[in-house]
Structures are given as structure tokens and as C-alpha cells.
Amino acid sequence: MLKTISTSLNQIDRASEAQMLRTLNTFAVDLMSIPSVEDLFWYVAQNVVGKLGFIDCVIYQADEQQTELMQVAAWGEKNPFGRNIINPLVIPFGCGITGQAAQTRKPIIVNDLLVDGNYIADTEPARSEICVPLICAGRIAGVIDSEHPNVGAFGEAELEILSTVAAMTSAKLELLAETNRSLERYDDLLVAHTQLSQETSNRKALEARLFEARKMDAIGRLTGRFAHEFNNLLTVIAGNVELLEFDASDAVAKDTLQVVKTASARGAHLIRSMLAFGERTRLAPEVIDLNAIVSTFCQDCEQSLGSPVEQCRAGDLWSASADPIAVENMLLALALNATQSGPKGGGIKIITENIFHTLAEGQAFPSELTPGRYVRLSVSDQGSGIKVEHMAQIFDPFFTTKAVGDGTGLGLSMVLGVMRQSGGTVAVQSEAGKGSTFQLYFPAAS
Ligand SMILES: Nc1ncnc2c1ncn2[C@@H]1O[C@H](COP(=O)(O)OP(=O)(O)OP(=O)(O)O)[C@@H](O)[C@H]1O
Ligand SMILES: [Mg+2]
């Protein structure tokens, strides 16, 4: 009879042990998917009380300096507030039973708290307590603590369960810390990569601008020197033609001389454009009112080009410093380009405005523009626009998309040369099929 009772008691023990193992297994599997330290502590407190059979559980987290513990999760009869811990308890290492467990790094079981001098009683004093430290990478990460109203409530079995829970929690804490470190390293790498890409693209842009500036400078020197020599020859030709014209009596000779005169005048115009591109034009800068020049130009333009020009002039426009004749020539070159820009042509609009140019903006321009005050003169059209592949070349001397004999390709290079020589620059925006805008930046007169 006695033997039968002891066999069935053994079976009950083994059954509850197997049940406990299953619970701990589930606990370990669940830990894997917990995303944060806060969730982890809360999950552990809930399960120690729930599935693992304790009636109370408080979890404390240690500070960086390893001097204090702070209550971070609590659940059970004494702590019904869920995740909202009001006035979390702070316990110095070495103080009370929890503080002792943190300092000694060893689990502590107190069978009767009333006779233990370390016990710090709260509003609902308990009679027995168990504390197990959480040790993570050689440091105290916190303490798992449970109290009971009865004397001697905790023994070997409870110690084993709570130590297993603490070991699993510590391992998960290490994993979360490593995940955080990896994320931080990833963020650092991302920042470094972005910086590197930024620097590379800045360097490429700088190299491209330097190459462009050197190319223009080289072409400018060459054309400038050639143009000077050629100009001298043209002066001799034009002077002698005039002398011959004076003496010529028959009509055929006069006609021939007229052809030579027209050709040398055209040659002189070409040479002036080339000199302008080489920034060797003789400019006579003065303080000018660009609004006045635009207004007169538009009247003449409408008559000579036969197309209306819309104007939008700023009322309080600053005075600019430039050669007024050169300004008219540039306006004419741009207006001609606008009218010739595709079947729709025309739709020309001229805008004047004050611009305070800052450094960042300068990067979009074909040449360096020192920060400061500028008067901007924009000439827009609604023509064909400029093809992307032509954009880098339009300011090159002799670049033209017009048929042979129709264009010299010196209009824009002259504009750029004069603008640079005047201390300003030209910017262009264009979209194929939608039109173009050329913006001339004149330094404002001081
Ligand atoms: N407003 C514009 N719309 C479309 N393309 C333009 C415009 N302005 C200039 N271009 C392009 O830039 C090229 C160069 O212009 P640029 O004024 O220097 O020479 P051109 O007009 O071809 O010749 P020229 O000025 O001697 O008549 C043009 O051939 C054209 O392809
Ligand atoms: Mg042109």
C-alpha cells in the first residue's frame, strides 16, 4: 500500500518537472522574438508570476556606473500597475537584499525577512524573498526579485527556476546589446558612405569645372591672339578699299569694291566676337540703368525682329556696372537666338531683377561668381530648347547647330566673354521642347 502511494507521488513530481521544462522551453523560444530591453523585462516579470508560479516579481536594472539599481518592471499581487511604474524604486548596490545580490553577484534566499537586518520593508512587508542577479558580459545588468508573504516560501526548486530564467534573460540582454552596437556601426558606416559619395561628387564637379575653365582659357588665348593679328590685316584691307573707292570711276569697279567692303565689315564683326570671347574686348564700363536699356532695346527689337517682346522690369532695380553698347550687343545676340529657336520661335520675355548671390548658388554657373549683389537680366523663349548633349558646348566658340553659313557659333561665346570681363557671368536653363532662359549676372554698381 505504502509503495503504491510513493510510486504515484514520484509520477506527480516527474510530471510537474516535465511541465516546468516545457514552460522554460517556451519561455526561451519566446525570448528570441523580443525586440527591446523594456519589452524583455516586462515579459520576464509577467512570466515569472504567470507560468512559472511565483506570486510577485520585480526586475531592477543596474546603471552604467554599477552603483545603483532601478525598478524597471513589476508584476504580481504587490504590483498591479502593469508597465506603468510610478516613482520607480532606486536601490544602491549593497543596500537591502536586492542591493546585496547585485554587489555579491550571487543569488540570495531569505527565509524570514523579519529577522534579516538587510530587509527594507515597504508598505506591504513580506516574509521571504529570493533575488537572482543578471550578469551580462561580466557586468551586473540587474536583479530579478520575488517576495512571498509566508516564511520559507523559496527553496532549491525556486532557485533553480529563477537562475535559469536569469541566465536566459542575460543571454538575451547581450544579444540586444550586440544588435544595438551593430545598428550603430551600420549608421556610422552609412554616414561615412554618404560623406564619401558627397565628397566624390563634389570633387568630380570641381574637376569638370576646372577642366572647362582651362579649356575656355586656352581657346580664349588662341582666338584672342589670332583675332588681333587678323584685325590688323582687316584694317589695312578696309583702309585701302576706301582709298580705291575714292578714285574708282567705273561702276563695275565700284561694285567690286563694295563687295570687298561688305566682306571685310563682316570679317571685322567676326573678329570682334572672337576678341570678346577671349575677354579682350575694349569695354567702357559705366553705371547703367538696365531697365532703360531693355526698354529701348525692346522697342527696336519689335521693329527689327518683327516679334513682340514681353518685359518684366523690377521697379527698384539697382544700377549695374557694364558697357552699355556691349549690353545691347548681348541682348541682340540672345534675342536672335530666341527668335531662331525652332518653329515656334519668339515668345521672348525679358526680366530684370535684383539678386543677392550666395556661395551655394555659384556652383550652377559656368564660371566662378563671387558672392554679392547682382542685377540679373534674363532672356527667355518658348522655342525648341537646347538638347542635353549640346549643353556643355553652347558657349564654345564656333559651336553651332545651324546650317553651314547660317551661324558662326560666336554669339554665346561673345556673351560669356563680355560677361566675365565685366565681373559677372551667364547661366542657362533649358528643357528640350519647352524653351530656354539665359541669365546675365551684372555686378551691381556700389
Ligand atoms: N535660345 C536658344 N534656344 C535653343 N538653342 C539655342 C538658343 N541659344 C543658343 N542655342 C544653341 O546654341 C548654339 C550656339 O549659339 P550661338 O549664338 O553661339 O551661335 P549661333 O546662334 O549658332 O550662331 P550665330 O550667333 O552666329 O547666329 C546655337 O547654334 C543653338 O544650338
Ligand atoms: Mg547666335
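The following paragraphs examine the structure supplied in this document. Just so we're clear, the structure is a prediction, and the values are computed from it rather than from any experiment.

Cut-offs used in this document
- Residues numbered from 1 in each chain as written.
- Chains lettered and ligands numbered in written order.
- Predicted model: local features only at pLDDT ≥ 70, side-chain atom pairs only at ≥ 80, totals over all residues.
- Helix = DSSP H or I, 4+ residues; strand = E, 2+ residues; numbered from the N terminus.
- Contact = placed C-beta atoms within 7 Å.
- Pairing = 2+ DSSP bridges.
- Axes fitted to C-alpha atoms, helices over the stretch in contact; angles between N-to-C directions.
- Near = placed C-beta within 6 Å.
- Nonpolar A, V, L, I, M, F, W, Y, C, P; charged D, E, K, R; others polar.

1. Some words on the overall build of the protein
If you tally the helices and strands in the protein, you get 9 helices and 13 strands. In terms of overall dimensions, the protein has a C-alpha envelope of 155 × 45 × 40 Å along the principal axes. Across the protein, the fraction of contacts at a sequence separation of at least 24, relative to all contacts at a separation of at least 6, is 64%.

2. Quick notes on the sheet that holds strand β6 (residues 139-148)
Taken in spatial order, the 6 strands make up an open sheet running β3-β2-β1-β6-β5-β4, and their pairing is antiparallel. The open sheet is flanked by β3 (90-92) and β4 (108-110), the only strands paired with a single partner. The sheet shows a mean angle of 25° between the axes of neighbouring strands, taken without regard to direction. Bridging between strand β2 (residues 68-76) and β3 involves 3 bridges; their strand directions are antiparallel. Bridging across to β3, Met70 finds its partner in Val90. Along the sheet, helix α2 (residues 37-49) makes contact with β1 (56-62), β2 and β6, crossing β2 at roughly 50°. Each of β1, β2, β3, β4, β5 (128-136) and β6 is contacted by helix α3 (residues 96-104), which is oriented at about 30° to β5, the strand it contacts most.

3. Some thoughts on the site of ligand 1
In the region of ligand 1, 23 residues are neighbours, and Asn337, Ser341, Thr400, Gly407 and Gly411 sit closest. Mapped onto the shell around ligand 1, the elements with two or more residues apiece are α7 (324-339) and α9 (411-421). Looking at side-chain class alone, the shell around ligand 1 contains 7 nonpolar, 14 polar and 2 charged residues.

4. Notes on the sheet that holds strand β10 (residues 348-357)
Spatial ordering of the open sheet is given by β8-β10-β11-β13-β12, a layout of 5 strands whose pairing is mixed. What marks the edges here is a single partner per strand, and that holds for β8 (309-313) and β12 (425-431). With strand direction ignored, the average angle separating the axes of adjacent strands in the sheet is 20°. Contacts from helix α6 (residues 290-305) reach β8, β10, β11 (372-381) and β13 (435-443) within the one sheet, and its direction differs from that of β8 by about 170°. α9 rests against β12 and β13 of the sheet, and its axis sits at about 140° to β12.

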